[in-house]
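# Structural features, examined
One letter stands for each residue in the lines below.
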Amino acid sequence: MLGLFIALLSGALMSIQGVFNTEVTKNTSIWVSNSWVQFSAFLVCIIGWFVTGRNSFSGLWQTQPKYMLLGGVIGAFITLTVIKSMGSLGPARAVMLIVISQLIVAYLIEIFGLFGTEKVAFEWRKLIGMAVSIIGIIIFKWK
């Protein structure tokens, strides 16, 4: 139950953050806004690190495979693409497409067992569920 609440909170925060970042970009630039987002996130993480315990950063270098350390790089491009999509599509349409993309990619990662995840069997009902979601986006967007 806690996981469900956290996932819902995450989705809500992502939508709010996307709107905030898009507005900041209107007064600066995409890279200034993105830099501010990453810098302010870094500050919050450092504060959290001081408050919750100080595990050594040296553990990062033990991470295998090394490409797993690219989460921050991917995060910068996530911020960039969310700002661009919200600016051109509006928050609701952008978030619907982002969520569908997340769902499809996450399912492919599970099916193929990519990046060290546990491999799962293909299920038609999940494919049908994604198709229904895509149809929902088309209906939502339909004028």
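Figured I'd write up the structure that's included with this text. (Residues numbered from 1 in each chain as written. Predicted model: local features only at pLDDT ≥ 70, side-chain atom pairs only at ≥ 80, totals over all residues. Heavy atoms only, no water.)

### Side note on the packing of helix α4 (residues 91–112) against helix α5 (residues 124–141)
As a reminder of what qualifies: To get an axis, a line is fitted to the C-alpha atoms, and for a helix only the part in contact is used. The angle between two axes follows their N-to-C directions and goes from 0 to 180 degrees. We count a stretch as a helix when DSSP gives it H or I for four or more residues in a row; a strand needs E for two or more, and each element gets its number in order from the N terminus. The cut-offs work like this: below 35 degrees is roughly parallel, past 145 is roughly antiparallel, 65 to 115 is roughly perpendicular, and the gaps in between are oblique. Throughout, a crossing is termed right-handed when the near helix is turned clockwise from the far one, and left-handed when it is turned anticlockwise from it by less than a right angle. Every residue pair with non-hydrogen atoms within 4.5 Å of one another is taken to be in contact. Each residue gets one of three labels, nonpolar for Ala, Val, Leu, Ile, Met, Phe, Trp, Tyr, Cys and Pro, charged for Asp, Glu, Lys and Arg, and polar for the others, Gly among them.
In contact at an axis separation of 11 Å, α4 and α5 are set at 165° when each is read in the N-to-C sense. For the element pair α4 / α5, the angle class is roughly antiparallel. The hand of the α4/α5 crossing is left-handed. For the pair α4 and α5, contact is made by Ala 92, Arg 93, Met 96, Leu 97, Ile 100, Leu 103, Ile 104 and Tyr 107 and by Lys 126, Met 130, Ser 133, Ile 134, Ile 137, Phe 140 and Lys 141, respectively. In terms of residue class, the contact of α4 with α5 is built from 11 nonpolar, one polar and three charged.

### So, the environment of Thr 63
Cut-off, in case you're wondering: Any pair of N or O atoms that falls within 3.5 Å is considered a polar contact. Within protein, one atom must be able to donate a hydrogen and the other to accept it, and sequence-neighbouring residues count only if both atoms are side-chain atoms.
Considering the arrangement of structural elements, one finds Thr 63 in the loop between α2 (30–52) and α3 (71–89). Beyond its immediate sequence surroundings of up to four residues, Thr 63 is in contact with Met 68 and Leu 69. Of note is the side chain of Thr 63, whose polar atom sits 2.9 Å from the backbone oxygen of Leu 60.

### A word on unusual backbone geometry
Residue Pro 65 is reached from Gln 64 by a cis peptide bond, and omega for that bond is -10°. Secondary-structure assignment places Pro 65 in the loop between α2 and α3. We note that Phe 115 has phi near 60°; this positive angle belongs to a residue other than glycine. Relative to the assigned elements, Phe 115 resides in the loop between α4 and α5.

### Section: the environment of Leu 80
Our working definition: Only protein chains enter the accessibility calculation, which uses a 1.4 Å probe; a residue is then buried when its area is under 20% of its type maximum, exposed when over 50%, and partly exposed in between.
If you trace the backbone, Leu 80 turns up in helix α3. For Leu 80, a relative accessible area of 16% gives the class buried. Put simply, Leu 80 and Asn 21 are 59 residues apart on the chain and 9.1 Å apart in space, counted from C-alpha to C-alpha. Setting aside residues no more than four positions away along its own chain, Leu 80 makes contact with Ile 30, Trp 31 and Asn 34.

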